[in-house]
Amino acid sequence: MAEAHSAVAFSFSITHEGWDINYDREVLDLVWQSGVRSWKKRLARFRTGVRNGVYPAHLQSLWLVIAIAVGLHFTQRHVPFDLVNKWLSVLPGDSLQWQLTACSLAGLIVWLSICYTMRYSLKLLLMYKGWMYEKRAPGSRVSLQTRLWGLFVKVLATWNKPGLYSFQGSLPRLPLPSVQDTMQRYLRSVRPLLDDSNYNRMERLAKEFEQGISTKLQRYLFLKSWWSTNYVSDWWEEYVYLRGRGALMVNSNFYGIDAIFMHPTKVQSARAASVVNLLLQFRRTVERQELEPILVQGLVPLCSWQYERIFNTVRAPGVETDKIIHYQDSNHIVVLYRGCYYKVIIYHNGRLLRPCELQIQIEHILQQSEEKPQPGEELLASLTAGDRTKWAQIRQTVFAKGVNRTSLHTVESAAFVLSLDEKPFEFDLAHPEKLDQFGRYLLHGNGHDRWFDKSFTVCVGSNGRIGFNAEHTWADAAVMSHIWEMLIMGETEQRYDENGNTVGIPEFEPPTPKRLTWDLNDKVALVAIDEAHIAAQKLLNDVDLRILVHDAYGKGLMKTCRLSPDAFIQMALQLAYYRDAGKFSLTYEASMTRLFREGRTETVRPCTIESAAWVKAMLDSSVSTEDRVRLLNEACERHQLGYQDAMCGKGIDRHLFCLYVVSKYLEIDSPFLQEVLSEPWRLSTSQTPHGQTAKMDLKKHPNCISAGGGFGPVADDGYGVSYIVAGEDLIFFHISSKRSCGTTSSERFAQEICRALADMKHLFEEYRSLQKKNPSNGTKSDKPQAK
């Protein structure tokens with residue numbers, strides 16, 4: 001009852017003496033401030049919404065157009081289409097007031113016409129994707145068509161400074177490929193994986209599908225591609241993520257690591273306070289749309305839709321399907337420490353708390369060492385790590401009312417969750433196992449110290465190093481990578497004193513963190529939590545994670561070979577996997593489709609006919625060095641073309657996925673689609689993007705190199721490999737597999753990657769040596785372009 005009374009802002013009762021009113025002035029003040037902040041945000045959203053709605057035109061240009069209309073009218077010149085007189089004919093009179101009104105309305109119509117002409121002109125220009133296929137190597141010339149296109153885009157897109165969502169209305173829709181083109185690309189992609197008999201069988205199935213039910217399925221998909229903003233994204237989110245019933249931990253969530261060569265402070269509370277403040281500043285720039293949209297080559301915008309749900313977002317479990325809940329505002333974060341949950345207010349008197357004020361709050365939590373978790377509280381987060389249906393059922397009963405419902409809502413509506421870990425996050429080149437453990441802490445922790453449903457959980461080690469664990473449904477890794485870059489660069493400012501504490505003097509005593517309370521004594525709740533904990537322990541103990549720091553060389557050498565760093569690494573992975581498994585495997589590489597509105601990802605299939613030919617040549621001692629280099633160049637060119645096609649909406653897998661969804665709705669069985677969608681990705685790869693913000697200046701701040709992040713294995717008998725080309729001489733590989741699989745080993749695969757990269761370096765050294773001896777033996781194909 002004490003908690004219930006303290007939660008009441010005011011109450012009144014009738015006595016024999018009249019009205020008796022009781023109220024808590026502090027709580028009412030908080031309610032008032034929250035309402036004022038909410039209305040300010042609504043007005044700001046409305047203002048930026050209008051600005052984005054007329055972009056690339058400038059909002060202030062409206063007054064100029066109206067002034068011109070007034071000038072033309074009163075100098076006896078006609079406004080285009082005689083709009084002023086037409087308005088006067090329907091207005092009540094023709095006095096000076098009504099004439100000015102008619103001029104304003106005419107000016108508004110002309111201005112809107114100009115705005116939408118500019119917007120759709122930009123949209124038509126952004127539909128052109130020929131620039132993607134232009135060669136950009138030294139000495140290459142850009143076509144006249146692309147140069148003219150770039151000039152027009154620059155004129156329309158850069159004269160008015162864009163906000164975060166300014167380009168959303170100008171981005172084109174994701175195009176729908178023809179079934180015939182997708183079939184051709186698919187059959188070509190599986191040729192190196194199948195023997196002649198299996199390939200002929202697959203070719204027959206594809207032909208039957210193309211000539212049969214594909215016409216009907218494509219017709220429905222064509223209708224969806226015109227009716228919806230993006231024909232893939234909503235189904236991808238629903239069926240790949242939200243309807244998945246398996247655990248989020250390891251299977252779906254991913255992690256990111258600190259910039260390991262910089263360690264600004266070893267004080268846990270100071271680093272946590274600084275990170276929280278930087279993240280909240282980033283949230284403010286997103287809400288105000290002050291964050292600049294990412295422009296490819298400084299010209300072509302990427303879709304910013306995914307940024308809407310970075311903060312105040314949770315994936316809520318459902319019995320059959322989960323749902324994403326995004327709260328418009330949140331004035332708190334939740335801190336998880338030693339199995340206890342704390343609500344931390346992040347605003348006071350209408351402003352964000354400064355790092356020095358946040359540090360006081362966090363130190364208060366760290367000093368609560370004598371506080372013990374309530375029954376069931378310490379393992380509570382295990383529910384978010386386990387089976388989604390079981391978590392949903394418990395949520396509907398145990399967390400449907402009372403303090404459990406209130407506390408759960410506090411966690412789920414928080415801006416994000418901060419986990420203060422009791423273990424240090426360590427890095428030492430002489431002891432690689434420390435970095436491996438660092439990655440494991442971030443990927444799964446101990447199974448109950450991360451709230452896996454939240455959009456992301458920031459993790460701070462006892463020694464001040466940081467990382468994050470992110471849920472995958474709301475956005476792709478590139479968005480979290482962008483946030484992380486901004487955060488790391490923010491840490492280069494003077495934010496700590498000589499003792500490692502945050503700089504600055506608090507202006508007031510910040511609000512004391514409030515301990516969340518739970519009622520988990522119910523036997524059903526305790527049994528469910530215990531079962532989830534056991535399942536989480538089994539899952540995390542099966543993870544075999546190895547983080548490889550490859551410092552023998554990086555993109556510097558790859559560029560001297562005139563090869564795309566991404567294609568170079570993908571070929572190394574193909575060679576490493578073939579040596580490890582003794583065969584080729586279906587390989588997944590994630591590519592973005594954010595050149596289109598609400599675009600997410602597409603699959604690039606790096607295992608190609610050309611890559612297989614090069615791998616076999618590397619294992620055949622009778623093949624000459626020149627032929628190996630030629631085959632590698634051809635393989636990289638083919639990979640580049642596949643990557644470009646995927647980015648331009650000409651991929652394979654998202655189209656086949658959507659055709660499969662339509663077939664399920666229509667209850668039509670397709671042996672071809674069933675077989676294609678059931679093929680396992682035994683080698684799943686992803687490159688972590690680097691340098692998404694102009695603030696990332698590694699020449700000025702060389703230690704701000706991020707170590708990237710990783711994810712769990714997609715297949716039980718496969719590898720998950722994430723890599724980041726961190727510098728001219730550095731590459732990080734995050735390699736995961738399952739210990740329970742007898743055929744995989746992350747350590748062994750890491751060694752094979754090092755061996756493959758060393759062989760490729762030696763190949764080009766040998767090739768250059770031969771070229772010096774005999775310059776006439778040059779090949780024509782050493783020209784793939786860097787991506």
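Just so you know, these numbers come straight off a predicted model, no measurement behind them.

Asker: Before we go on, may I ask you to explain the confidence of the model for the chain in this structure?
Answerer: Low-pLDDT portions of the prediction should not be read for the details of their coordinates. Looking at the chain as a whole, the pLDDT averages 89, with 92% of positions reaching at least 70. Confidence over residues 1-10 falls short of pLDDT 50; this stretch has 9 contacts with residues more than four positions distant or in other chains. Predicted confidence for residues 779-787 stays below pLDDT 50, and this span has 31 contacts to residues more than four positions away or in other chains.

Asker: I keep staring at the UniProt feature "domain: Choline/carnitine acyltransferase" (unreviewed entry) in the chain and nothing clicks. Help me out?
Answerer: UniProt's feature table lists "domain: Choline/carnitine acyltransferase" (unreviewed entry) at residues 174-754, given in the numbering used throughout. Secondary structure across residues 174-754 comprises 41% helix and 16% strand; the distance between its end C-alpha atoms is 38 Å.

Asker: It is not clear to me how the nonpolar core should be interpreted in this structure. Could you clarify?
Answerer: The tendency in soluble globular proteins is for nonpolar side chains to be buried side by side. By size, the foremost hydrophobic cluster in this structure holds 121 residues, and its most contacted members are Tyr307, Phe416, Leu418 and Phe672. When residues in this core are grouped by element, the largest group, 9 residues, is from helix 11 (residues 268-287). Contacts of Phe672, omitting those with residues within four sequence positions, involve Met183, Tyr186, Met202, Leu205, Ala206, Phe209 and Leu656. If you look at the next biggest cluster of nonpolar residues, it comprises 44 residues, including Leu575, Ala617, Ala635 and Tyr723.

Asker: Is there a simple way to think about the pattern of salt bridges in this case?
Answerer: Opposite charge on two side chains permits them to pair, given that their charged atoms come into close proximity. This structure, assessed with the given rule, holds 40 salt bridges. Between Asp476 and Arg600 there is a salt bridge whose closest N-O contact spans 3.0 Å. Highlighted residues: Asp476 in the loop between strand 14 (466-470) and helix 17 (477-490) and Arg600 in the loop between strand 17 (587-592) and strand 18 (601-604), separated in sequence by 124 residues. The residues Asp476 and Arg600 share a single accessibility class, namely buried. The salt bridge involving Lys738 is made with Asp716; its shortest N-O contact spans 2.7 Å. Of this pair, Lys738 sits in strand 22 (residues 730-738) while Asp716 sits in the loop between strand 20 (709-711) and strand 21 (719-727); the two residues are 22 residues apart in sequence, bridging distant segments of the chain.

Asker: Got a minute to help me understand the packing of helix 7 (residues 179-190) against helix 8 (residues 196-211) in this structure?
Answerer: Remark: helix 7 packs on helix 8, axes separated minimally by 11 Å, with the N-to-C direction vectors making an angle of 170°. What the angle tells us is that helix 7 and helix 8 run roughly antiparallel. On helix 8, the residues that touch Val179, Gln180, Met183, Tyr186 and Leu187 of helix 7 are Tyr199, Met202, Glu203, Ala206, Phe209 and Glu210. Tallied by class, residues from the contact of helix 7 with helix 8 come to 8 nonpolar, 1 polar and 2 charged.

Criteria and thresholds
Residues numbered from 1 in each chain as written. Predicted model: local features only at pLDDT ≥ 70, side-chain atom pairs only at ≥ 80, totals over all residues. Heavy atoms only, no water. pLDDT = per-residue confidence, 0-100. Contact = heavy atoms within 4.5 Å. UniProt positions renumbered as here; feature names shortened; annotations may be inferred. Helix = DSSP H or I, 4+ residues; strand = E, 2+ residues; numbered from the N terminus. Core = buried A, V, L, I, M, F, W, Y, C linked by side-chain atoms within 4.5 Å. Buried < 20%, exposed > 50% of the residue type's maximum accessible area, 1.4 Å probe, protein only. Salt bridge = Lys/Arg side-chain N within 4 Å of Asp/Glu carboxyl O. Axes fitted to C-alpha atoms, helices over the stretch in contact; angles between N-to-C directions. Parallel < 35°, antiparallel > 145°, perpendicular 65-115°, else oblique. Nonpolar A, V, L, I, M, F, W, Y, C, P; charged D, E, K, R; others polar.

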